[in-house]
Amino acid sequence: MRRLLAALLCCALLSGCAGPGEGTGSSSSPPPAASSSSAQGEQAPAVERAPFALAAYPAHSFHPVLAESTANLSLAPLLYEGLFTLDSQFQAQPLLCQSYFVSTDGLTWTFVLQPGITFSDGTPLTGEIAAQALQTARGAGSRYAARLASVVSIQGSGDQVSVTLSQPNGALPQLLDIPISLGEGTRPLGTGPYVLTDSGGQLSLTARSDWRLGADRLPAGQIPLVSLNRADELMSAFNAGEVTLMDVDLTGTSALGSSGRYQVWDYNATQLLYLGFNTRQGLCRDPEVRRGIARAIDRDYISDTILARHAVSSALPVHPDSPWYDQALAGELSYAPASLEGLGLEGRPLTLAVNIENTAKSAAATYIAQQLERAGLVVSVERLPWADYLDALSRGRFDLYLGEVYLTPDFDLTPLVGTGGGLNYGGWSSGATESYLSAFRASQGTGRQAAASALYRHLCQQVPIAPICFRSGTVLTQYGRVEGLSPVYGNLFSGLENWVIS
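Residues numbered from 1 in each chain as written. Predicted model: local features only at pLDDT ≥ 70, side-chain atom pairs only at ≥ 80, totals over all residues. Heavy atoms only, no water.

Participant: Help me out: how do you make sense of the overall build of the protein in this one?
Facilitator: For the protein, the helix and strand inventory stands at 13 helices and 21 strands. The buried share of the protein, reckoned over its 502 residues, is 52%. Considering only residue pairs separated by 6 or more positions, the protein has 70% of its internal contacts joining residues 24 or more positions apart. When the accessible surface of the protein is summed, it comes to about 21500 Å², and 50% of that surface belongs to carbon and sulfur atoms. (Helix = DSSP H or I, 4+ residues; strand = E, 2+ residues; numbered from the N terminus. Buried < 20%, exposed > 50% of the residue type's maximum accessible area, 1.4 Å probe, protein only. Contact = heavy atoms within 4.5 Å. Areas by Shrake-Rupley, 256 points an atom, 1.4 Å probe, with all protein chains shown as cover.)

Spelled out as structure tokens, the structure:
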């Protein structure tokens, strides 16, 4: 109980220090009027503001596919562009791609590039260059390698690039928001609105006069980069006002530790928090028990209170803002505290495993245990260090576990509930599930909605996992410094041309 109260207090403090606009991604409230002790008619001296600036780690790579620095990667959309970009509903919108067509077997996709696109040194974008960039994204060390695991080959020629798959995926464009770069090394060239410049060791982003939409559409001609060395320096630089904007996880392992006044801009993400079941042994072998437990979870409380509204509750393993989300079906798994009554579970023991290193997850596990205990179950929460937690999951030493996964933007659940899936710790295996997963992956256009509903209805009946919520990503900005932000998954600077920087 003490752990839960501490976590709730932490979340309340995080919510309290956030500026207006939390949960909506904007702020329309004016800053409070400044007080003045000067004589009547005398104006207070103007306060000199630091320029709009972003953080960077010069000693680390800026490569948009191979870099490991989170701060450097967050700059990628300013320097690079992909064939597609994702909107707030995780739908692919063409960027460097003009059009595409698909073979009848659904295995080969051919993308036609936009004409007249150049890199920052004037090199034209070609199919060969795009293919090489995507090959790099498939390779070792790439942050995109897992999502491209079903790619067999990539070929480029002229203004086209072709991708051949080992199995059909009707949502392949959702996976191709991968930044396209040119050249080797840690600072390759891009086609984006800015170019990385180095003047005597001082890094900055300089607007490209030859950018396809025109430099006059950009809110700043130059953006200074504050050079940092250690991870803990970023928060200090933000607190000091040296850095204007940063991407954070307000419900992550580490406390925010930020002081001062700032604005909060949340955006949809694919980070699913869920309850996993041991489907091979124990009480949770029974789908009726799993379904009852799934309905006994108050998802809204976990999202709104424990995660301080930096999450969106979801009864299905797809984001509620996705067009594939079935509201009627989700209602069948809505919160029903009495769902476990009549199943004869009074006094039966359950073990719930959770990683102790995340305070919010630990608090959520405690709350879930309390809800199940009200139904008569005896729940033991095992809070384990990360290595021990993974060991318990891999050995099946649990009845329940609180898990989290970054789903790919096509919301493919194969790793999570597919037979032999790398994240299928509950041991779920079903031929019917495989068929539904395959049909969903292969479906395109309007047929994808029907395939999604069929898959989710099957999962609602069998309940190999119980989705809880999708955690949101968060951008912090210095109060009153920038308006018009509309960040999306993979691009904090989406809609940059609509920003107003003061």
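Right, picking up where we left off after that structure.
Participant: I tried to follow the sheet that holds strand E6 (residues 108-113) on my own but got confused; where do I start?
Facilitator: Hydrogen bonds between backbone groups are what pair the strands of a sheet, and the pairing can be parallel or antiparallel. Spatially, the 4 strands line up as an open sheet ordered E5-E6-E8-E7, and their pairing is antiparallel. Strand pairing shows two members of the sheet lacking a second neighbour, strand E5 (97-102) and strand E7 (151-157), which therefore form its edges. When strand polarity is set aside, the average angle formed by the axes of neighbouring strands in this sheet is 20°. In the sheet, E5 pairs with E6 via 5 bridges, with the strands oriented antiparallel. Along E6, the bridge assignment pairs Val-102 with Trp-109. Here helix H4 (residues 127-138) sits on the sheet in contact with E6, E7 and strand E8 (160-165), set at roughly 155° to E7. (Pairing = 2+ DSSP bridges. Axes fitted to C-alpha atoms, helices over the stretch in contact; angles between N-to-C directions.)

Participant: Explain the pattern of salt bridges to me, please; I cannot follow it from the model alone.
Facilitator: Between side chains of opposite charge, pairing is possible as soon as their charged atoms come close. The full count for this structure, using the stated rule, is 12 salt bridges. Taking the shortest distance from any N to any O, the salt bridge between Asp-210 and Arg-208 comes out at 3.1 Å. The class of Asp-210 is partly exposed, set by a relative accessible area of 39%. (Salt bridge = Lys/Arg side-chain N within 4 Å of Asp/Glu carboxyl O.)

Participant: What is the right way to read the confidence of the model for the protein from this model?
Facilitator: In low-pLDDT segments, the atomic positions of the prediction should not be examined closely. Averaged over all residues, the pLDDT of the protein equals 89, while 88% of them reach at least 70. With pLDDT under 50 throughout, residues 1-47 is counted as low confidence; its partners more than four residues away or in other chains account for 56 contacts. (pLDDT = per-residue confidence, 0-100.)

Participant: Is there a simple way to think about the nonpolar core in this case?
Facilitator: Nonpolar side chains tend to gather and get buried jointly when the protein is soluble and globular. Counting residues in hydrophobic clusters, the biggest one holds 39 residues, and the most contacted among them are Leu-316, Leu-413, Val-417 and Tyr-456. Contributions of two or more residues to this core are made by strand E14 (262-277), helix H8 (327-331), helix H10 (386-395), strand E18 (400-406), helix H11 (414-417), helix H12 (431-442), helix H13 (447-462) and strand E19 (465-478). In terms of residues, this core owes the most to one element, H13, which gives 6 residues. When residues no more than four places from it in sequence are discounted, the contact partners of Val-417 are Asn-424, Trp-428, Thr-433, Glu-434, Leu-437, Leu-459, Pro-464 and Ile-465. (Core = buried A, V, L, I, M, F, W, Y, C linked by side-chain atoms within 4.5 Å.)

Participant: Sorry if this is basic, but what is going on with H10 here?
Facilitator: Each α-helix winds once per 3.6 residues, and so residues spaced three or four apart point in a common direction. Looking at H10, one finds that the buried residues are Tyr-389, Ala-392 and Leu-393. Summarising the axial view, the buried residues of H10 lie within an arc of 95°, below the 170-degree limit, and thus occupy one face. For H10, the exposed residues set more than 90 degrees away from the buried face come down to Ala-387, Ser-394 and Arg-395. In this fold, the buried residues of H10 make contact with strand E16 (349-355), strand E17 (378-384) and E18. (Arc of directions from axis to C-beta.)

Participant: What is the right way to look at the packing of helix H7 (residues 299-306) against helix H9 (residues 359-374) in this model?
Facilitator: Between two packed helices, both the angle of their axes relative to each other and the distance between the axes serve to describe the pair. The contact between H7 and H9 brings their axes to 11 Å, and the two run at 145°. Two packed elements cross with a definite hand, and for H7 against H9 that hand is right-handed. The residues of H9 that touch H7, namely those facing Tyr-301, Ile-302 and Ile-306, are Ala-360, Ala-363, Ala-364, Tyr-367 and Ile-368. A per-class count over the contact of H7 with H9 returns 8 nonpolar, no polar and no charged. (Left-handed = near helix turned anticlockwise from the far one by under 90°. Nonpolar A, V, L, I, M, F, W, Y, C, P; charged D, E, K, R; others polar.)

Participant: Teacher, can you tell me more about the packing of aromatic side chains here?
Facilitator: Two measures describe an aromatic ring pair: the distance that separates the ring centres and the angle between the ring planes. Going through the model one piece at a time under the given rule, you end up with 19 aromatic pairs. Both rings, one in Phe-84 and one in Phe-111, keep their centres 5.8 Å apart while their planes meet at 75°; by these two values the pair is edge-to-face. Here the residue Phe-84 occupies a position in strand E3 (residues 84-86), and Phe-111 occupies one in strand E6, the gap between them amounting to 27 residues. Its relative accessible area of 2% is what places Phe-84 among the buried residues. Pairwise contacts between aromatic rings join Phe-90, Trp-324, Phe-411, Phe-440, Tyr-456, Phe-470 and Tyr-489 into one cluster. Over the face of the ring belonging to Tyr-479 we find Arg-261, whose NZ or CZ atom lies 4.2 Å from the ring centre. For Arg-448, the ring lying beneath its charged end belongs to Trp-324, and the centroid distance is 4.6 Å. (Phe/Tyr/Trp six-rings, centres within 6.5 Å; stacked < 30°, edge-to-face > 60°. Lys NZ or Arg CZ within 6 Å of the ring centre and 35° of its normal.)

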